[in-house]
Amino acid sequence: MADSQKPAPENPEKFSDLRLNKPAQSAAGLPAVTSSLRHALRASSPGRALKPWLNLNQKGGFDCPSCAWPDPDGHRTTTEFCENGAKALASETSNRNCCDASFFKKHSVLELSEKSDHWHELQGRLTEPMILSEGATHYKPISWDSAYKLIADELQIIQSPNEAVFYTSGRTVNEAAFLYQLFARKFGTNNLPDCSNMCHESSGAALKPTIGISKGTVSLNDFEKTEAIFIFGQNPGTNHPRMLSSLQSAKRRGAKIVAINPLKEAGLLGFAHPQEISGILGKATPLTNEYLQVKINGDMALLKGMQKALLDAESKAPGTVLDQEFIKQHTSGFTEWKEALEVIAWDDILEQSGLKRDEIEAAAKIYYEAESVISCWAMGLTQHSTAVATIQELVNIHLLRGNIGKPGAGLCPVRGHSNVQGDRTMGITTQPATDFIDALGKEFSFTPPTQKGMDVVESIEAMRDGKIKVMFCLGGNFLSATPDVRVVAEGMRKCQLTVQVSTKLNRSHLITGKKALILPCLGRSERDGDQFVTVENSMGIVHSSRGNLEPISQSLLSEPAIIANVAEAVLAKEDITWREYAKDYSKIRESIERTIPGFENFESRITEPGGFYLENCAKNRKFAIEGRAPFSVHDLEPLKLSKDQLLLMTIRSHDQFNTTIYGINDRYRGIQGERRVVFLNQKDMEARGLKPKQPVNLISHWEGKQRKANLFLAISYNIPNGCAAAYFPETNVLVPLESTAKISNTPTSKSIIITIEAA
Ligand SMILES: Nc1nc2c(c(=O)[nH]1)N[C@H]1C(S)=C(S)[C@@H](COP(=O)(O)OP(=O)(O)OC[C@H]3O[C@@H](n4cnc5c(=O)[nH]c(N)nc54)[C@H](O)[C@@H]3O)O[C@H]1N2
Ligand SMILES: Nc1nc2c(c(=O)[nH]1)N[C@H]1C(S)=C(S)[C@@H](COP(=O)(O)OP(=O)(O)OC[C@H]3O[C@@H](n4cnc5c(=O)[nH]c(N)nc54)[C@H](O)[C@@H]3O)O[C@H]1N2
Ligand SMILES: [Mo]
C-alpha cells in the first residue's frame, strides 16, 4: 500500500483558531463549575448527564475514572468531584453519539485516521465488538465468541508465548488486572507492559531500594497535619484538582507550600474552591510561599543545593537542623553521601537549576524550619534520563530530617490513572517478585514464568523487529501514548493481530496488525449486574466501586468478563473455571486474598465504608536494607545542549485526559482554540527571529538522528530561558525510543532536545 493510503499514526497537521488570553493566577472558581456542566450536557441527555455525579466518589458509589487522588476518609460533600473528573465522566457517559456498526460502515479506517483526536472523542462510546479483517478498509461487527476464537487461534499458533504482549492501562480495576496477569502467566509470559512504564516507574525504581516500598508513605490525614508541602513537577490544578482542597486547608492552617515548576501553573498559585460561596465568587486562597521556576531537568541540582543549605545551617547551629537520631537509627551511608555532596560546586547547581542561591536557600529554610514535610511529585520528575537519581535525592532530603513515617510527613508520588497503583499490586508487572510468583503458582497449581517480561519500550523494539505476533491491550491508547509514534506504528503493523479492549475510539484502533479487534467494555459509571469491583488509590486505600447507570449498549461486557472469556478460549485445556470468575467477582477476590499480602478478609473488609489501607512498611520506618534506608549518592549529570537547541517538555492541557482530548482549550494557561502551540521564552523567540503565533516545525535530536513534528504556533510565555513546552500526544513523534530514564526505562518525555525552524 502506498504511504498516502495508509492510515496516518498522527493527528492531522493543521491549525484551528488560536486565541491568547492572560494566564490565570488561580484555579477553579465559577468557570470550573460552568465548564463541568457544559461538558456533561454536551455529551448526554440531562437525566443521564447529572445522575452519576451524585454517586461519584461516594461511599458505596463508584470511583472517579479520572485521576488517583484519594477521597476523604471521613465526611464527604455531596459533590466529591472536580471539573476534570466531570469531563472524564461526561466522556464516559456520553449517549448523544456512538461508534456502532453503522458508524464503522460509514467511515473507513483511513478516513477516521485523518480526523483529530478531539473529533474521535466526540464520536461517543464503542458499543459492539468489531473486526478489521486482513486487507479490509472498514471495521465490521463480529460476535463475542468469534472474537475469542480468533484470539485463541492466533495465540495458539505462535512459536513462543513471548511473541505476545499484554499491555494494561491504569483504569483497569483490580479484579480484571488480577485475572489478566494470571492469564498472561498461564499462557507463559511476563510480557505485561503497562502505562506505569511511561509514568511513575521511575518513582517505584527510586523508592523500593531506599524506603523498601515502591509507593508513597502519606495519607490525606498527613496533609491535615503537615507544616510544609513541596510540589515538584506537578500541575494539580489540571491533573489532580481535588488535591487543591487539601492544599487550601493546609495553607489556611498555616502550613507553607513551595512549588517547583518551570511554568507558573494557576493551580499552584491560588485556589478558589468551587464548593464555597467565596470560591464561586472568585476569591482565591494564595497557595505558594515560594515558587521556584526551575529549568527543565534542573531539580537534581536544586535538591543538591537545598541539601547543601541544610548542612550549612546544621554546621552553624549544630544539633538543630538534622535529625541525628533518625539518621543513626534508620539510615545508612550518611558519611559517604555527605562527602560526595561537598564536592559539588554551587556554580554548577545554579547553572543547572537556573535558580538563584537565595531562592534555593529560602526553600531549604522552609524545609528545615518545618517539623513535618510532605513532598509531592508527578511527571515533571519522572520523565527524565536522571529521574530515578533525582527522586532519590528527594528521599535523601527527607532522610536528613526524619520526614518519613511520622505524622504530617512523607513522600507522595501523585499517581495518574485511577487504578494504576492497584494494577501493580495485582501483579501487572514485567518483573514479578519471587514471593508473588510462588503464591500464584501455589494457588493455581502451575509454574509461572520467571524470565523478565518486556516493558513498553522493549515491546516496541520487539514489535519493530517483527518479533511480536499478537498485541493485546487492556485499555489505553498504546499507539498515541508511547514515544516515537512512527516506529510504534511500524511495529503494530507487523503484528498478526492487535486487540483493543476499549470504551472510546482512539488511534490504536486505526493503526493495527494484519487483523484487529475492538472489544468494547463497560465504564466505571455503568451497572454491571449486581457486581462491584475494587480499586486502590494513590495513597494505598483499597475500596469498592459500583456503577449506577444503565450501560450504553446491551452488547458491552465488563473487563473481568472479557478477560475470563478470552482466557477460557485460549487456555481451553486448563483447569481454572474462568466463567465462574466472570459470574462472581468475589471468587476472584478470594484468590487475591490467598495470593497477595494485605488482602486478608478481603470480602468483608471491602464492605467497610471507604475501604481499607494496605500495609506500608515505610510508614512504620521499616526501610529497604535491614530495616534502614540508604542515602543514595549521585553525580550531577547535565544534558549537553548546543547553543541553538532547547529542552522541550511535553505536557497536558486542561482539556485532555492523556490521549483523550475533551476540548482544544487550556484555560489556565490562557490558550484557546488550538493545541498545536509551542511555549517559548521571549528571549529565545527573539534569538530565532520568531514572531508571536508564527508557524514553526519542531525537530528533535538524538544520537545524530532527527525527528520532526510540523506546524506549531510559537508563543511567548513565562518559561525559563532554553526551555520549551508543547502538548502530548501531538509531540510524541519527537520522543526518541532510545532516550529513556536510567534503571526505570521510562521515555524521557519531559527532556527532548529540539531545534526550531520556521515552517
Ligand atoms: N485532567 C487530567 N487529569 C489527569 C491526566 C490528564 O491527562 N488530564 N493524566 C493523569 C495521569 S496518567 C498522570 S501521570 C497525571 C499527570 O500529572 P502531571 O505530572 O501534573 O502532568 P503533566 O502535564 O505531565 O505535568 C507535568 C508538570 O511538570 C512540570 N515539569 C515539566 N518538566 C519539569 C521539570 O523538569 N522539573 C519540574 N520541577 N517540573 C517540570 C510541567 O510544567 C507541568 O506543570 O495526571 C493524571 N490526571
Ligand atoms: N509525550 C508524552 N507521552 C506520554 C506522557 C507525557 O507526559 N508525555 N504521559 C505518559 C503517561 S503518564 C501515561 S499514564 C500514558 C497513558 O497511556 P494510556 O493509558 O495507554 O492512554 P490513555 O490516553 O489514558 O488511554 C485512553 C483510552 O483508554 C480507553 N479507556 C478509557 N476508559 C476505559 C476503561 O474503563 N476501560 C478500558 N478498557 N478502556 C478505557 C479509551 O478507549 C481511551 O481512548 O501516556 C504516557 N505518554
Ligand atoms: Mo500517568
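Here, every reference points to the structure presented above.
So, here is what we can say about the structure in this document. Remember, predicted model here, so these are calculated numbers, not experimental data.

**Here we look at the overall build of the protein chain**
Looking only at helices and strands, the protein chain has 31 helices and 31 strands in total. In summary, the protein chain has a C-alpha radius of gyration of 25 Å against a globular reference of 27 Å for 759 residues, a match within 12%. Once the C-alpha set of the protein chain is aligned to its principal axes, its extents read approximately 75 × 60 × 55 Å. Counting the 759 residues in the protein chain, one finds 64% classified as buried.

**A few points about the sheet that holds strand β29 (residues 705-716)**
The strand order around the closed barrel built from six strands is β23-β30-β27-β29-β28-β31, with neighbouring strands paired in mixed fashion. Ignoring strand direction, the axes of neighbouring strands in this sheet form an average angle of 45°. Inspection of the sheet shows strand β28 (residues 694-702) paired to strand β31 (residues 752-758) by five bridges, in the antiparallel sense. Across the sheet, residue isoleucine 699 finds its bridge partner in β31, namely threonine 755.

**Thoughts on the environment of isoleucine 213**
Position of isoleucine 213 relative to the elements: it lies in the loop between α9 (201-211) and α10 (220-225). Accessibility expressed as a relative area gives 14% for isoleucine 213, which makes it buried. The spatial distance from the C-alpha of isoleucine 213 to the C-alpha of asparagine 616 is 7.3 Å, given a sequence separation of 403 residues. Residue contacts for isoleucine 213: discarding those within four places in its chain leaves Leu207, Lys208, Glu615, Asn616, Cys617 and Ala618.

**Structural notes on the site of ligand 1**
Ligand 1 sits among 31 residues. The nearest are Glu265, Asn297, Asp299, Gln656 and Asn658. One of the backbone nitrogen or oxygen atoms of asparagine 239 is found 2.8 Å away from a nitrogen atom of ligand 1. Here an oxygen atom of ligand 1 and a backbone polar atom of glycine 380 are 3.4 Å apart. Broken down by secondary-structure element, the contributors of at least two residues to the shell around ligand 1 are α11 (236-239), α20 (379-382), β23 (646-651) and β24 (656-657). Both domains that meet at the shell around ligand 1, namely domain 1 (19-24 + 638-758) and domain 3 (201-413), each give it at least three residues.

**Here's the deal with the nonpolar core**
Ranked by internal contacts, the top residues of the largest apolar core, which has 63 residues, are Ile151, Leu155, Phe166, Leu517 and Trp578. No other element matches helix α8 (residues 174-187), which puts nine residues into this core. With near-sequence residues (within four places) excluded, isoleucine 151 lies in contact with Phe472, Leu497, Val499, Leu517, Leu519, Val566 and Val570. Counting 56 residues, the second largest nonpolar core, distinct from the first, contains Ala301, Ala364, Val388 and Phe623.

**A short note on the pairing of strand β18 (residues 515-520)**
Counting buried residues in β18 gives five out of six residues, a clear majority hidden from the surface. Across three bridges, the pairing between strand β5 (residues 130-132) and β18 is antiparallel. Bridge pairing in β18 places isoleucine 131 opposite leucine 517.

**Thoughts on unusual backbone geometry**
When glycine is set aside, most residues are seen to have a negative phi, and most peptide bonds are trans. Looking along the chain, the bond that leaves phenylalanine 728 and enters proline 729 is cis, with omega of 10°. Tracing the backbone through its elements, the reader meets proline 729 in the loop between β30 (723-727) and β31. The phi dihedral of serine 445 falls on the positive side, at around 45°, and the residue is not glycine. Locating serine 445 in the fold gives a position in the loop between α23 (434-444) and α24 (456-464).

Analysis parameters
- Residues numbered from 1 in each chain as written.
- Chains lettered and ligands numbered in written order.
- Predicted model: local features only at pLDDT ≥ 70, side-chain atom pairs only at ≥ 80, totals over all residues.
- Heavy atoms only, no water.
- Helix = DSSP H or I, 4+ residues; strand = E, 2+ residues; numbered from the N terminus.
- Rg over C-alpha atoms; globule rule 2.2 N^0.38 Å.
- Buried < 20%, exposed > 50% of the residue type's maximum accessible area, 1.4 Å probe, protein only.
- Pairing = 2+ DSSP bridges.
- Axes fitted to C-alpha atoms, helices over the stretch in contact; angles between N-to-C directions.
- Contact = heavy atoms within 4.5 Å.
- Near = heavy atom within 4 Å.
- Polar contact = N/O pair within 3.5 Å; in protein donor to acceptor, adjacent residues only side chain to side chain.
- Domains from an automatic or database assignment.
- Core = buried A, V, L, I, M, F, W, Y, C linked by side-chain atoms within 4.5 Å.

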